[in-house]
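Coordinate analysis (summary)
If you want the building blocks of each chain, they are given just below.
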Amino acid sequence: MPIAKIHMNLKELQRTIHRHTGMILDFIQEIKLAPLSEFQYTQLNFIRDTAEALRVFPNHLFDPNAPLNPCETGPWVLLVENNEMLQLLHREMLVQLGCTVDIVANGEEALKYADYGYDFIFMDIGLPGKNGIEVVTELRAREERQKLRIIALTAHGEGIEHACLAAGMESVIHKPVDLKTFKALIHPKVL
């Protein structure tokens, strides 16, 4: 799908979700009072997390003046994220910053792709199967010369930073990530 079309779809999604976020979150609160299966609870949490992420979407996640075409000479990024909505949001921002982005959704795929020479790896901590900390520990153990630039992405509270840094991640950023945070990591001298 062309970047311009993704951008247009995200803007329309932004307007729709922003108008209905309060109603969605109120509805979710009412549903949580009913008995739910584990699958229903997982789906409900995904909807809630998506609504929460998109509630802040209009204010700071995207720069409407940013170019829509990726720069072919920019950084090559591996985004390791299992939440499909955050994959779209974070990919769009990274593309706006001139990155070429590959996305994987679990730790096993991340281990396979990590050797391809990425400039940055943004690693979700709460992955299915091997979590992000386990993946980074394994990546650091097999590193020879080149030190990968791995940044943790987490929706967990403040207490996770120590474990991420101890595993060998450069830094920890909290989701949903805004454009300014990505820019500070990818283009620190431009700020």
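Residues numbered from 1 in each chain as written. Predicted model: local features only at pLDDT ≥ 70, side-chain atom pairs only at ≥ 80, totals over all residues. Heavy atoms only, no water.

Quick notes on the sheet that holds strand β4 (residues 150–154)
The parallel open sheet is built from five strands, whose spatial order is β2-β1-β3-β4-β5. Edge positions in the sheet fall to β2 (100–104) and β5 (171–174), since each of these pairs with one other strand and no more. Taking the axes of each pair of neighbouring strands and ignoring which way they run, one obtains an average angle of 25° across the sheet. In this structure, β4 lies alongside β5, joined through four bridges in parallel fashion. Across the sheet, the residue bridging to I151 is S171, located in β5. Contacts between helix α4 (residues 84–96) and the sheet are confined to β1 (76–80), β2, β3 (120–124) and β4, with β2 contributing the most and set at about 160° to the helix. Sitting on the sheet, helix α6 (residues 132–142) touches β3 and β4, and the angle it makes with β3 is about 145°. (Pairing = 2+ DSSP bridges. Helix = DSSP H or I, 4+ residues; strand = E, 2+ residues; numbered from the N terminus. Axes fitted to C-alpha atoms, helices over the stretch in contact; angles between N-to-C directions. Contact = heavy atoms within 4.5 Å.)

Focus on the packing of aromatic side chains
Aromatic ring pairs are defined here through the distance separating the ring centres and the angle between the ring planes. Taken as a whole and assessed by the stated rule, the structure comprises four aromatic pairs. Summarising the aromatic geometry, the rings of Y113 and Y116 are spaced 5.5 Å apart at their centres and angled 65° between planes, so their arrangement reads as edge-to-face. Since its relative accessible area comes to 31%, Y113 is described here as partly exposed. On the numbers, 6.1 Å between centres and 15° between planes, the contact of F120 with F122 is stacked. For the pair shown, F120 and F122 are each scored as buried. Members of the aromatic cluster, joined through ring pairs, are F120, F122 and F182. (Phe/Tyr/Trp six-rings, centres within 6.5 Å; stacked < 30°, edge-to-face > 60°. Buried < 20%, exposed > 50% of the residue type's maximum accessible area, 1.4 Å probe, protein only.)

Concerning the environment of K183
With respect to the helices and strands, K183 occurs in helix α8 (residues 179–186). The sequence separation of K183 and M93 amounts to 90 residues, and the corresponding C-alpha distance is 9.0 Å.

Details of the environment of V101
Position of V101 among the secondary structure elements: in strand β2. Excluding its chain neighbours within four sequence positions, the residues that come into contact with V101 are V77, L79, R91, L94 and V95.

Remarks on the side chain of H90
Mapped onto the elements of the fold, H90 is located in helix α4. Taking the relative accessible area as the measure of exposure, H90 reaches 0% and is therefore buried. Residues contacting H90, with those up to four places away along its chain left out, are L79, L153, K175, P176, V177 and F182.

Some thoughts on the environment of N82
By the element assignment, N82 lies in the loop between β1 and α4. Between the C-alpha atoms of N82 and G126, which are 44 residues apart in sequence, the distance is 8.3 Å. Beyond its immediate chain neighbours, meaning those up to four positions away, N82 contacts Q87, A105, D124, G126, L127 and P128.

Things to note about the nonpolar core
Formed by 23 residues in total, the largest nonpolar core has its most connected members in V80, I121, M123, L139, I150, C164 and M169. Taken together, the elements giving at least two residues each to this core come down to β1, α5 (107–113), β3, α6, β4 and α7 (161–167). Ranked by residue count, the leading element in this core is α6, at four residues. Those residues within four positions of I150 in sequence are excluded, and the remaining contacts are I121, M123, V136, L139, R140, M169, E170 and S171. Counting residues in hydrophobic clusters, the runner-up holds 18 residues, among them L97, F120, L153 and L185. (Core = buried A, V, L, I, M, F, W, Y, C linked by side-chain atoms within 4.5 Å.)

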